[in-house]
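Examination of the molecular architecture
Next come the chains, spelled out residue by residue.
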Amino acid sequence: MCGRFVISDTQPDLVALFDIEIIGENLPEPNWNIRPTDQVPIVLESTKGGPAVRRLESARWSLVPSFAKELASPYPTFNARSEDVTEKASFAASVATRRALIPADGYYEWHTDGTAKTPYFVHPPEGERIAFAGLYSWWRDPAKPETDRSRWVLSATILTMEAVAPLDALHPRTPVVLPDWMWDTWLDPDEEADQEFVDAAVEAARPTAATLEFHEVAPVRENGPSLIDPALIPVGSL
């Protein structure tokens, strides 16, 4: 799973990396301790009756399906299992044409050994950036008037898959990290996706996942670049 992650890139960094054409409002600052329901930058493509346009937008990390009665959900929606995502009402509509990339430096995972949980930072080789396969949704707040622009809430989720070696030593699940050659295909709103499309993306992600590295870190508290530094005094090992 992915319950905390890191984005240190600034807005100009992301615009350049993903060839962004339109920049949304109120984009979040770099964050080394992103939690579910925090705002995160996402990359999406929209048509609105014309050619596809690539956008960088701010989204709530925990997807709110369009049919939801309220913003808060009784169950977690910050991750979505790739194996059966098209069978879940909360995610099925988004799979079809509302797919996103969620940029990241890496993510945190807690390795459990008995009652002890040791945090690790999982990341690509030095100097590289990754993008999680995501889904997004627009939800309209029925309690707000038509004239209130904030009545529309953009939210997103991160797809997960079975972990590959060496990540499976940490946890049985891992985010779907798409290789850069598949970013355009994943974002294409004219490609109506199904479970077979998602499965193909997962297969493409496996070699990338196998290149990820990890190291133990201190307890993940507060915020700042030091959170991803290797722990000075390891409290556990795999």
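For the structure itself, look to the data block above.
Scope of this entry: the structure provided in the associated data block. (Residues numbered from 1 in each chain as written. Predicted model: local features only at pLDDT ≥ 70, side-chain atom pairs only at ≥ 80, totals over all residues. Heavy atoms only, no water.)

**Quick word on the pairing of strand 4 (residues 39-46)**
Quick reminder of the rule: Whether a residue is buried, partly exposed or exposed follows from its accessible area with a 1.4 Å probe, protein chains only, as a fraction of its type maximum: under 20%, in between, or over 50%, in that order. Starting at the N terminus, helices and strands are each numbered in turn, a helix being any DSSP run of H or I of at least four residues and a strand any DSSP run of E of at least two. We treat two strands as partners when DSSP finds at least two bridges between them.
Within strand 4, 7 of the 8 residues are buried, leaving the element largely enclosed by the surrounding structure. Pairing analysis gives 8 bridges linking strand 4 to strand 5 (residues 53-61), with the strands arranged antiparallel. Note that in strand 5 the partner of V40 across the bridge is A59.

**Remarks on the side chain of H123**
Where we set the bar: Whenever two N or O atoms come within 3.5 Å, that pair is a polar contact, provided that in protein one can donate a hydrogen and the other can accept it, and provided that, for residues adjacent in sequence, both atoms are side-chain atoms. We call two residues contacting when some pair of their heavy atoms lies within 4.5 Å.
Relative to the helices and strands, H123 is located in strand 9 (residues 116-123). Judged by its relative accessible area of 14%, H123 falls in the buried class. Within the local environment of H123, its side chain forms a polar contact with the side chain of H215, the two groups lying 3.4 Å apart. Filtering out sequence-adjacent residues up to four positions away, H123 remains in contact with D105, G106, L212, E213, F214 and H215.

**A word on the packing of aromatic side chains**
For clarity, the cut-off: Each Phe, Tyr or Trp ring, with Trp reduced to its six-membered ring, pairs with another whose centre is within 6.5 Å; inter-plane angles below 30 degrees give stacked pairs, above 60 give edge-to-face pairs, and intermediate values give tilted ones. In this analysis the charged atom, NZ for Lys or CZ for Arg, is taken to sit over a ring once it is within 6 Å of the ring centre and within 35 degrees of the ring normal.
Taken as a whole and judged by the stated rule, the model has 9 aromatic pairs. The interplanar angle of 70 degrees and the centroid separation of 6.3 Å between the aromatic rings of Y107 and F132 together place this pair among those described as edge-to-face. Here the residue Y107 occupies a position in strand 8 (residues 106-113), and F132 occupies one in strand 10 (residues 130-140), the gap between them amounting to 25 residues. When sorted by exposure, Y107 lands in the same class as F132, which is buried. For the pair Y108 and W110, a centre-to-centre distance of 6.3 Å together with 50 degrees between the ring planes defines the contact as tilted. Accessibility expressed as a relative area gives 1% for Y108, which makes it buried. The class for W110 is partly exposed, based on a relative accessible area of 25%. Three or more aromatic residues joined by ring pairs form one cluster here, namely F5, W61, F78, Y107 and F132. Above the ring of W186, the side-chain terminus of R99 is found at 5.8 Å from the ring centroid.

**Considering the layout of surface pockets**
Rule in force here: Points on a 1 Å grid over protein atoms alone make up a cavity when a 1.4 Å probe fits among them but cannot get out, and a pocket when they form an open set with protein on both sides within 12 Å along at least five of seven lines; lining residues each have an atom within 4 Å of a point. Grid points are joined across faces, edges and corners, and a volume is the space filled by probe spheres set on the points. Under the grouping applied here, Gly and all other residues not named as nonpolar or charged are polar, the nonpolar ones being Ala, Val, Leu, Ile, Met, Phe, Trp, Tyr, Cys and Pro and the charged ones Asp, Glu, Lys and Arg.
In this structure, the largest pocket occupies an estimated 770 Å³ of space. For the largest pocket, the lining is made up of 26 residues, of which E57, S58, W138, W152 and L154 are closest to its centre. Where the lining of the largest pocket is concerned, the elements lending two or more residues are strand 4, strand 5, strand 10 and strand 11 (152-162). With 4 residues, the top contributor of residues to the lining of the largest pocket is strand 4. Across the lining of the largest pocket, the residue classes tally to 9 nonpolar, 8 polar and 9 charged. The calculated volume of the second largest pocket comes to roughly 220 Å³.

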